[in-house]
Structures are given as structure tokens and as C-alpha cells.
Amino acid sequence: MQDIRILGIKAESGRWFYVIFGLIINICLGAIYAFSIFRAPLEKLWDITATESGLPFMIFLAMFAFAMPFAGNLMQKWGPKTTMFLGGILVGIGWIAASFSTNINSLTLLYGVIGGTGVGIMYGAPIATSAKWFPDKAGLAIGLTVGGFGLSALITAPIIKQLIGSVGPLSTFLYLGIAFLIILIILSIPYKFPPEGWKPAGFIAKTSSNPTSNSIELDREEMIKTNSFWALWLTYTIGCFAGLMAIGISAPAGKEVGLTHEMAALAVSLYAIFNFLGRPFFGWLTDKIKPKAAAILSFLIIGGASLLIYGVREKIIFIIGFCLLWLNLGGWLAIAPTATKIFYGTKFYGKNYGLVFTAYGTGAITGVLISGQIKDLQGSYFSVFPFVAVCSLIGIIVALFFLNNKKLNSN
């Protein structure tokens, strides 16, 4: 067997560098999750509404999601490193250019479109790399890799708050953009896929809990003909709708229950811990109990948390409920990529998960629009939570009957 090494270390050990680097990369990419801290300063700066201040967040996440299928095609041709170079450059340009915005529309274009596209191009490569290097621990490796995205707000929220207070919101985009550009380019350099068919020493291709995960290799065209793809896409959309809606309104909704600006910023950092924990936890859980059971558990928690927030409306319950919503958004960002690997294999993973990930963009658009419109029409964000609970019930039904890979073709 060929002696494969990563940064001079045998691949069985060196592959963990990709998990560590992927986590750091995703901390940079995930700074969008602290965007709610920008909203009040931007509303004051440009005298805009809550719906308008959410536009850059919504467009950023939409471009992030809908660039993923394109990025999957690039990975098939270029490999992860070159794809990540392109994405990292666009991320940096997007954040830096945002500092020159003159109104919410130009910020949406520069930050939302350019920065969001860059994240969409870069995001999938560390995930695909971990999936290919960890055939034995895919859920855990993917969960830790994407964990940085959820952990990001814990680190970036206080930095953003401090920078906004000292240099204003626009210069904050500039300073972070320069830092992200440097970090992302440097960490992309060692990325590569393993040779075709590589397995860690001693690994036997058997999966008692997921018996078909190593025997099925479906390309994108075959994947979309399966019942499981559409079920996965719809449940992923619902999970992301609830989580991204919560992320987008965390700071302003917190003020409705009496959280000060400082308390709201600290709460966002707390939520980020749960968002991070949701990824390795649900990734590990999906390996153990299969995607269907993990999805149903997630929707039960989302529905319960939504009803709790809506019914009680007290500070401590609000914080607990939002912790659970952030936990489950992190969970879905591990359930969906792990399910993609289990259901459709790793050969076409980048292309396949790129398409599955468009559910994230759909969830982002619906979450931001619905929450913003409810706030502008009714003066409160809270009326959205019964709707989230109903969506969770729909998610449970879809997962129960269709989220499996027993029937591979819907025809």
C-alpha cells in the first residue's frame, strides 16, 4: 500500500489536520452568523426598516447556498485547493468592498452577493475533503469540520461589537475582510483529496448501522430521481428555516424580552456554542441512529423550543429556546451532509451535497423574509414561532415516511 502523508505525517493521523483547518476556515466563513449585531447600527446609520436591514444577511445566505452546486462542479475539475483559493479571494473582496457601501442596496450587492458567493464556493471543499479522508468516521469528522461555522459567532460577535463601537460598522467590514483573506488563503494550501479508493489502515468497509453507505455511488442525476433526495431537501429546508430565522433575529428579538444590547451580544456568543455543539453531536448521532431518527429528534426539539419561546416570553426561557434553535441548525448542517454521504456515497459527494445545500438558501430566504415582515407588520418577531412549530410537524411526517435509502429510485 502506498505511503500517503499529509504535512509529513502518515495519513491516518495527518488527516485530522483537515478537520482542524476546516474548523478554523469555517470560523471565518461563519462570521455571517453574527450579522444581527450589525443590524441596529445599520438601521440607525441609513434610517432603514428591520426588513431592509436583513437584506444583506438574506442575500448572503442565498448566494452561499446557490453557489454550492457550481462549487461542486469546480471541485470535480480543480480539486479542493484551487476551488478554495477562488472562494477565499471572493470572501475577502466581499467583506472589504462592503466597507465602501453608501446604502443598504450597495451593501447587499457587495457583501451579500460577492461575499456570499465566495463562502458558497469555499464551504463545501473542507466538508468534501473530510468525507473522503474519513470513510470510518464521516459524521464526526464532518460535524467537527463544519463546527467552526457555528462556533464563529462566539468568537466574532464580541470582536464585531467592539469594532463597531470604536470604528463604526463599515470599517468593521474592512478590518475583518483583510484578516479573513489572509487566513483563508494560507489554510487552503495543503488541501487535497485522497487517492481513489484510499482507506485508513485496518479499516474494513462494513457499516452495521448504514449497510449501503459504502456500496452506493450515485451521481447528481441519479440522486435527484430518489425519494430520499426530495425528503432530505425538504427537511433540510425546514431545519434551516427555523435556525436561520433565529440567527437573523437573535439580537433584536432579545430586546423585546428585555435583553440589553450588551446582553444580546453575549447571548449570541452563547448561542454559537450550542450551534457548534450541534454539529459534532448530530453528526455522530446520524452515524449511530441513521438520518431519519436524527431528523425526527431535531424537529421535536425545534417545535418544542418554538412553542416555549412563543408561550412564555421571559428572558431565561427566550435564551434557552434560542440555544435549542441554534443547536438544531448546527445539527442540520451535520445531518444533511452525513445523510448525503450515507445515501449517495463519496465519489460524487461535492456535486451531490452542493445540490442538497440549496435547501439552506431556501431556508435563509423564507426565514429572513417571514420574520422581517412579521416584525414590520405586527411590531414583534414572536408571531413567527407557531408557524415554525407547524413546519416542524411537517418535517417529522416527511422524515418518518420518506427519509431513507431503502427504495433508491422513485420510478
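The notes below deal with the structure included here. (Residues numbered from 1 in each chain as written. Predicted model: local features only at pLDDT ≥ 70, side-chain atom pairs only at ≥ 80, totals over all residues. Heavy atoms only, no water.)

### Structural notes on the overall build of the chain
Across its full length, the chain holds 16 helices and two strands. Taking 2.2 N^0.38 as the reference for a compact globule, 411 residues should give roughly 22 Å; the C-alpha atoms of the chain span a radius of gyration of 20 Å, in line with that estimate. Projected onto its principal axes, the C-alpha coordinates of the chain cover approximately 65 × 45 × 35 Å. Relative to its 411 residues, the chain shows a buried fraction of 60%. When contacts within the chain are restricted to residue pairs at least 6 apart in sequence, long-range pairs at least 24 apart make up 85% of them. For the chain, the computed accessible surface area is about 15100 Å², with 68% contributed by carbon and sulfur atoms. (Helix = DSSP H or I, 4+ residues; strand = E, 2+ residues; numbered from the N terminus. Rg over C-alpha atoms; globule rule 2.2 N^0.38 Å. Buried < 20%, exposed > 50% of the residue type's maximum accessible area, 1.4 Å probe, protein only. Contact = heavy atoms within 4.5 Å. Areas by Shrake-Rupley, 256 points an atom, 1.4 Å probe, with all protein chains shown as cover.)

### A look at a nonpolar patch on the surface
Together, Leu 393, Ile 397, Leu 400, Phe 401 and Phe 402 make up an exposed nonpolar region whose accessible area comes to about 520 Å². When you line up the elements, Phe 402 lands in helix 16 (residues 385-402). (Patch = residues over 30% accessible without salt bridge, like charges linked within 9 Å, V, L, I, M, F, W, Y side chains within 5 Å. Salt bridge = Lys/Arg side-chain N within 4 Å of Asp/Glu carboxyl O.)

### Details of the environment of Pro 291
Inspection of the secondary structure assignment puts Pro 291 in helix 12 (residues 261-312). Exposure remark for Pro 291: the relative accessible area of 3% places this residue in the buried category. Here the alpha-carbon distance between Pro 291 and Thr 338, two residues 47 residues apart in the chain, equals 7.9 Å. Excluding residues that lie within four positions of it along the chain, Pro 291 makes contacts with Thr 286, Ala 339, Ile 342, Phe 343 and Leu 403.

### Examining the packing of aromatic side chains
Between two aromatic rings, the relevant description is the distance of the centres plus the angle of the planes. Scanning the model with the defined rule gives 40 aromatic pairs in all. Here the aromatic rings of Phe 35 and Tyr 111 are separated by 5.8 Å at their centres, their planes lie at 20°, and the arrangement is stacked. On the criterion of sequence distance, the pair formed by Phe 35 in the loop between helix 2 (16-29) and helix 3 (36-46) and Tyr 111 in helix 7 (residues 104-133) is long-range, its members being 76 residues apart. Of the residues examined, Phe 35 reaches a relative accessible area of 1% and is grouped as buried. What makes Tyr 111 buried here is its relative accessible area of 0%. Ring plane angle 85° and centroid distance 5.2 Å describe the contact between Trp 95 and Phe 180, whose orientation is recorded as edge-to-face. Here Trp 95 is found in helix 6 (residues 80-98), whereas its partner Phe 180 is found in helix 9 (residues 169-188), with 85 residues between them in sequence. (Phe/Tyr/Trp six-rings, centres within 6.5 Å; stacked < 30°, edge-to-face > 60°.)

### What to know about the pattern of salt bridges
For the structure shown, the criterion picks out two salt bridges. In this structure, Arg 15 and Asp 136 form a salt bridge, with 3.0 Å as the shortest nitrogen-oxygen distance. Pair noted here: Arg 15 is in the loop between helix 1 (11-14) and helix 2 and Asp 136 is in the loop between helix 7 and helix 8 (138-167), with a separation of 121 residues, a long-range link. Among the salt bridges present, the one from Lys 137 reaches Asp 136, with a minimum N-O distance of 3.3 Å. One salt-bridge network, held together by shared partners, links Arg 15, Asp 136 and Lys 137.

### Focus: unusual backbone geometry
For Lys 290, which is not glycine, the phi dihedral falls at a positive 80°. Note on placement: Lys 290 falls in helix 12. Here Arg 313, not a glycine, exhibits a phi torsion of approximately 55°, which is positive. Tracing the backbone shows Arg 313 in the loop between helix 12 and helix 13 (315-344). Using a relative accessible area of 40% as the deciding quantity, one classes Arg 313 as partly exposed.

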